[in-house]
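# Inside the fold
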Amino acid sequence: GRWNQNYQFDTLPEKLDTADQLKPGDLIFVEGTYYKTNHRPQKYNLVHIEIFLGGETGEATLGARDQKGVVKVHPSYKYKSKSYE
């Protein structure tokens, strides 16, 4: 829809070049390609978004990675998805 991750990406005032520039509260956009071919291709190939927290690991995020829609804190923004690569 209109308010999806692509819209958010388009309206950001600045985009960071490297992960070491992240500050708590920043949005992390995940680029990927869905494994299932029946998914509609996404603008910029953006498939997911999370909020950067930093935390003890320096890489923690808040997001709903599982298709069950449960939002939780993840120790790192680095992960392997079952739905996209």
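As a reminder, the structure under discussion sits directly above these lines.
Reference entry: report on the structure contained in this document.

Calculation criteria
Residues numbered from 1 in each chain as written. Predicted model: local features only at pLDDT ≥ 70, side-chain atom pairs only at ≥ 80, totals over all residues. Heavy atoms only, no water. Phe/Tyr/Trp six-rings, centres within 6.5 Å; stacked < 30°, edge-to-face > 60°. Lys NZ or Arg CZ within 6 Å of the ring centre and 35° of its normal. Salt bridge = Lys/Arg side-chain N within 4 Å of Asp/Glu carboxyl O. Helix = DSSP H or I, 4+ residues; strand = E, 2+ residues; numbered from the N terminus. Buried < 20%, exposed > 50% of the residue type's maximum accessible area, 1.4 Å probe, protein only. Patch = residues over 30% accessible without salt bridge, like charges linked within 9 Å, V, L, I, M, F, W, Y side chains within 5 Å. Areas by Shrake-Rupley, 256 points an atom, 1.4 Å probe, with all protein chains shown as cover. Polar contact = N/O pair within 3.5 Å; in protein donor to acceptor, adjacent residues only side chain to side chain. Contact = heavy atoms within 4.5 Å. Pairing = 2+ DSSP bridges. Axes fitted to C-alpha atoms, helices over the stretch in contact; angles between N-to-C directions.

## Comments concerning the packing of aromatic side chains
Per the counting criterion, the structure on display carries 3 aromatic pairs. Members of the aromatic cluster, each reached through a chain of ring pairs, are Phe9, Phe29 and Tyr44. The aromatic ring of Phe9 is capped on one face by Lys15, whose charged end is 4.8 Å from the ring centroid. Sitting above the plane of the Tyr79 ring, Arg65 keeps its charged end 3.8 Å from the centroid.

## Remarks on the pattern of salt bridges
Considering all chains together, one arrives at 3 salt bridges under this definition. Across the salt bridge formed by Arg65 and Glu50, the nearest N and O atoms sit 2.6 Å from each other. Of this pair, Arg65 sits in the loop between β3 (60–63) and β4 (72–74) while Glu50 sits in strand β2 (residues 46–54); the two residues are 15 residues apart in sequence, bridging distant segments of the chain. Salt-bridge contacts for Glu59 lead to Lys78; the nearest nitrogen and oxygen are separated by 3.1 Å. With Glu59 in the loop between β2 and β3 and Lys78 in the segment after β4, the pair connects residues that are 19 residues apart, well separated along the chain. Judged by relative accessible area, which is 22%, Glu59 ranks as partly exposed. Here Lys78 falls in the exposed class, since its relative accessible area comes to 54%.

## Focus: a nonpolar patch on the surface
Among the surface-exposed residues, Leu27, Ile51, Leu53 and Val73 lie close enough to one another that they form a single nonpolar patch of about 300 Å² accessible area. With respect to the helices, strands and loops of the structure, Leu27 is situated in strand β1 (residues 27–31). What makes Leu27 partly exposed here is its relative accessible area of 34%.

## So, the side chain of Gln5
Of note, Gln5 is situated in helix α1 (residues 5–11). Among the polar contacts listed, one links the side chain of Gln5 to the backbone oxygen of Leu46, at a separation of 3.1 Å. Setting aside its immediate chain neighbours within four residues, Gln5 contacts Phe29, Gln42, Leu46, Val47, His48 and Ile49.

## Details of the sheet that holds β4
If you walk across this open sheet you meet the 4 strands as β1-β2-β3-β4, and the pairing is antiparallel. Of all the strands in the sheet, the pair left with one neighbour each is β1 and β4. In this sheet, adjacent strand axes meet at a mean angle of 40 degrees when their direction is disregarded. As paired elements, β2 and β3 share 3 bridges and run antiparallel to each other. By the bridge assignment, Ile51 is partnered in β3 with Leu62.

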